[in-house]
Amino acid sequence: MQNKFELLAPAGSLDALKAAYANGADAVYLGASHFGARASVGFDRESLQAAFRLAHLHGKKIYVTVNILVTDPEIPDVRKTLALLRDLRADGVILQDLGLLKICREEFPSLPVHASTQMALHNAAGVEFCKKHGLTRTVLARECSMSEIRKAADVGIEIEVFGHGAQCV
C-alpha cells in the first residue's frame, strides 16, 4: 500500500477554514451543527454550503463530524443532515455511533464513512472491524504507538492520526 499523506486541520468557522487552506491544509474537518461533538462550533446548512463551495472551487476536501451518540428522537433530523452532506458531496462523514453507521450504509451508500477517534480504536483488530463494515478511514486513538499505527495501516484502509493537538495527518 502506497503512503499518501494529507494535512488535515480543524475548522470551527469559515474564517478558520479559509486560514487552514491558505496555510497548506489539504482538507479540513468540521462539525455539522447539532450533530457534532462540539456543537458550539458546528456549521449550519448555510455555512456548510458556503464551505463546500469554497472547498470545491480550490480542490480541497471537507470531512464532517456527525460524531455524537444519536438517540431515537434525533434520527429523522440526522437523516436530513446526512442527505445534505451527500448532496454537498462530503469527502467523508466521521462517525462514532454504530447505529448511525448502519443508517449510512443502508440509506446513504455513496457517503464515505470514517471512524471517529471517539470510537477509541487503537489496534489492528478494531481497524479490521471498520474495514469489514465499509468504513474507508479510521481515526486512531491519540495514545497509539508507532508500532500500533504501522499494524493498523497494514489492514488496508486509510489511517488518520493526530500529529499535534488537533492537526491530523
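Sequence order as written defines the numbering, with residues in each chain counted from 1. Residue-level local features of this predicted model are given only where pLDDT is at least 70; pairs of side-chain atoms are given and counted only at 80 or more, and the full residue set underlies all totals for whole chains, interfaces and linings. Calculation of side-chain values draws on the structure's entire complement of heavy atoms; hydrogens and water are dropped beforehand.

Engineer: With reference to specific residues and values, describe the nonpolar core.
Structural biologist: Generally speaking, soluble globular proteins have nonpolar side chains that are buried together. Leu30, Ile62 and Leu85 are the most contacted members of the largest nonpolar core, which has 50 residues in total. Segments assigned H or I by DSSP are reported as helices when at least four residues long, segments assigned E as strands when at least two residues long, and all are numbered from the N terminus. With six residues, the top contributor of residues to this core is helix 3 (residues 75-87). Any two residues whose heavy atoms approach within 4.5 Å at even a single point are treated as in contact. Apart from residues lying up to four places away in sequence, Leu85 is in contact with Leu48, Phe52, Val64, Val66, Ala90, Val93 and Leu111. Only buried residues count toward a nonpolar core, which is a set of Ala, Val, Leu, Ile, Met, Phe, Trp, Tyr and Cys residues joined through side-chain atoms within 4.5 Å. We call a residue buried when its accessible area falls under 20% of the maximum for its residue type, exposed when it is over 50%, and partly exposed in between, using a 1.4 Å probe and counting protein chains only. Counting residues in each nonpolar core, the second largest holds five residues, with Leu8, Ala27, Tyr29 and Ile94 among its members.

Engineer: Just give me the short version of the environment of Asp77, but keep the residues and values in it.
Structural biologist: Looking at where Asp77 falls in the secondary structure, it is placed in helix 3. For the pair formed by Asp77 and His34, sequence separation is 43 residues and the distance between their alpha carbons is 9.3 Å.

Engineer: I'd like a rundown of unusual backbone geometry, residues and numbers included.
Structural biologist: Despite not being glycine, Arg89 shows a phi value in the positive range, around 65°. Along the chain, Arg89 turns up in the loop between helix 3 and strand 4 (92-95). The phi dihedral of Ala120 is positive, around 60°, even though this residue is not glycine. Mapped onto the secondary structure, Ala120 falls in the loop between strand 5 (113-115) and helix 5 (124-132).

All we've got here are geometric facts, nothing functional implied.
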